[in-house]
Amino acid sequence: MRNPIERIGRLKVKSGARYPLLVCWMILCPACRMLGPDYVAPTAQNYPQQWTQHAAHPVQQDGKDRTAWQQWWRGFNDPVLNQLLEQAFAANQDMAIAAQRMVQARAQRDLVASRRQWQVGGQIDLKSQRSAKALQDPPGIGGSQSYRLGLDASWEIDVFGRQRRALEAADAELDAFMADQQTVKLLVLAEVANRYIELRRIQQHIQLAQQEQKILAQLETFARKSYQQGLASRLPLQQAEIEKQILQAKQAQLAADEAETGHAIAVLLGGFSQDIQQSLQQNYAQLPQLPPLPETVPSQMLQHRPDIRAAERRLAAASAQIGVADAERFPRFVIPLSLGSAASHFADLFSADSIFAALGLAMQSHIDDGGGKQAKLHYAEAEYRIQALAYAQGIRVAFQDVEDHISHLNAAKQQQLQLQLAFTQSSQSLSQAKRLYQRGLRPYHSVLELSRQHILLQQQLLNSEASYVQQGIGLYKAFGMGW
């Protein structure tokens, strides 16, 4: 295609006509190729097609129930967690802010789109004036009145695609803000679920600490009797007292951790602690079980994760902005239109002789702006390269996120299995020690020591189970599921 400016110069205008060919060409010009690159979305061909390892956890086969994947938290079968998440989705402040940013982005897109339409304004001018009659040049006319009604309109002909590229960029930015809103929802979902699991873990530790307190009290009583009867030194009694004090300090910290976690959940729900205190105080016998994970591949993760979609849409917007900056270097063509009525007497304002109209073609251009337009183009091109690098980096971070959670999930599972085995063996040893004590073949304090070790092992197993569930939640988030 020839240079558009050269084509304008070659148009022939017939005598007595007001540039009809030029106007026709300008009107048809939107069908011409726009300046700037035509955006092509990046493909996932250069990225790994499989994970380096798979999660050692039951999986839900692809295609069976995608709704269950998007609402995976319901697989916990925990009505309190479901209620908390419903409240978070309805009242979380970060989600409300993201929703308002969407409103702003939609308004900005509509503003850009409005500039492609006719810009119409109206005016009413009623004037009464008196000039000096003593003037000779120009001669004074004394009093006069004028009445004017008019419409002024203008339309910029998008010769080089500046407005179309701007709308293309605004559409891409709107999509990016929509993905940002989905990202916020996903983060809130994962954070509420993680905090809830943490709260239940702390509450279970509080219960185990109460059991340990009873055992320590029995050990202290046994050590005191032995000391008083001269059967043992004071050292076991002192050790029991020290361990009791340590446990009391631990219980105080657990109570503070429980309160802090409850406060954090309340903020995530957009409320205050007292609003949800009752529901959070319900103690459960065991932690919720992690629902089956989806069987997924990297290409599905790239489609699901809203942060990657947002990065791709911002890359598209940056590409369109190159076209905007490129078109800024060329002239703008505007069709101004005026239509109205003017008369000296109000009665003549609506007569045929009072009607006036004007139609023209205006060109606006900077002859020399000191290189400003070229600098804007260089800026837009650099911004596109930045967004391309950010998109590529975002994908790598997403892969790392998934692989890290898979590794930690598998490690937590292996740790849980080993601790479960140790817990089973501890249960058997404790049962045997109790039988021997009943037969008088083992001292009571050894049974108490084994009982305390059994509780400590329960605490480790509880931490492992909580970590396993939280890593699973993190993996769901890394897959981008839940918005």
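Being a predicted model, the structure only gives us computed values, none of them experimental.

Participant: Lay out the overall build of the protein with the relevant residues and their values.
Facilitator: If you tally the helices and strands in the protein, you get 12 helices and seven strands. Across the 483 residues in the protein, those meeting the buried criterion constitute 39%. Looking at the protein alone, contacts between residues at least 24 apart form 83% of all its contacts between residues at least 6 apart. If you sum the accessible surface of the protein, you get close to 27,600 Å²; carbon and sulfur atoms cover 53% of it.

Participant: Describe in detail the packing of aromatic side chains, supporting the description with residues and values.
Facilitator: Enumeration over the complete set of coordinates arrives at nine aromatic pairs. On the basis of an interplanar angle of 40 degrees and a centroid distance of 6.2 Å, the ring pair of Trp-51 and Phe-479 is categorised as tilted. Highlighted residues: Trp-51 in the loop between α2 (20-28) and β1 (59-60) and Phe-479 in helix α12 (residues 444-479), separated in sequence by 428 residues. Ring centres of Trp-72 and Trp-73 lie 6.2 Å apart, and the angle between their planes is 80 degrees; on these two criteria the pair is classed as edge-to-face. Residue class for Trp-72 comes out buried when judged on its relative accessible area of 2%. Take Trp-73: its relative accessible area is 5%, and that puts it in the buried class. Three or more aromatic residues joined by ring pairs make a cluster, and in this case those are Trp-72, Trp-73, Phe-76, Phe-89 and Tyr-476. Its end group placed over the ring of Phe-89, Lys-185 keeps NZ or CZ at 4.8 Å from the ring centre.

Participant: For helix α6 (residues 162-228), give the residues involved together with the corresponding values.
Facilitator: In this model, α6 (67 residues) spans 95 Å end to end at C-alpha, consistent with the 99 Å of a helix rising 1.5 Å per residue. Looking one or two places after α6, you find Gly-230, whose phi comes out positive at around 75 degrees.

Participant: Report on a nonpolar patch on the surface, specifying residues and quantitative values.
Facilitator: Taken together, the side chains of Trp-118, Val-120, Leu-151, Leu-337, Leu-339, Ile-355 and Leu-359 make up a nonpolar region of the molecular surface, amounting to roughly 680 Å² of accessible area. Breaking the nonpolar patch down by element, the ones donating at least two residues are β5 (332-343) and β6 (355-359). Mapped onto the secondary structure, Leu-359 falls in strand β6. For Leu-359, a relative accessible area of 57% puts it in the exposed group.

Participant: An account of the nonpolar core is requested, with residue identities and associated values reported.
Facilitator: Ranked by internal contacts, the top residues of the largest apolar core, which has 63 residues, are Trp-72 and Met-301. Breaking this core down by element, the ones donating at least two residues are α4 (79-91), α6, α7 (235-268), α8 (273-280), α9 (298-304), α10 (306-327), α11 (372-438) and α12. Per element, the largest residue contribution to this core is 15 residues, and it comes from α6. The next biggest cluster of nonpolar side chains, apart from the first, holds eight residues, and it includes Leu-35, Trp-155, Ile-157 and Ala-327.

Reading guide: rules and limits
Residues numbered from 1 in each chain as written. Predicted model: local features only at pLDDT ≥ 70, side-chain atom pairs only at ≥ 80, totals over all residues. Heavy atoms only, no water. Helix = DSSP H or I, 4+ residues; strand = E, 2+ residues; numbered from the N terminus. Buried < 20%, exposed > 50% of the residue type's maximum accessible area, 1.4 Å probe, protein only. Contact = heavy atoms within 4.5 Å. Areas by Shrake-Rupley, 256 points an atom, 1.4 Å probe, with all protein chains shown as cover. Phe/Tyr/Trp six-rings, centres within 6.5 Å; stacked < 30°, edge-to-face > 60°. Lys NZ or Arg CZ within 6 Å of the ring centre and 35° of its normal. Expected span 1.5 Å × (residues − 1). Patch = residues over 30% accessible without salt bridge, like charges linked within 9 Å, V, L, I, M, F, W, Y side chains within 5 Å. Salt bridge = Lys/Arg side-chain N within 4 Å of Asp/Glu carboxyl O. Core = buried A, V, L, I, M, F, W, Y, C linked by side-chain atoms within 4.5 Å.

Treat this as a map of the structure, not an account of what it does.
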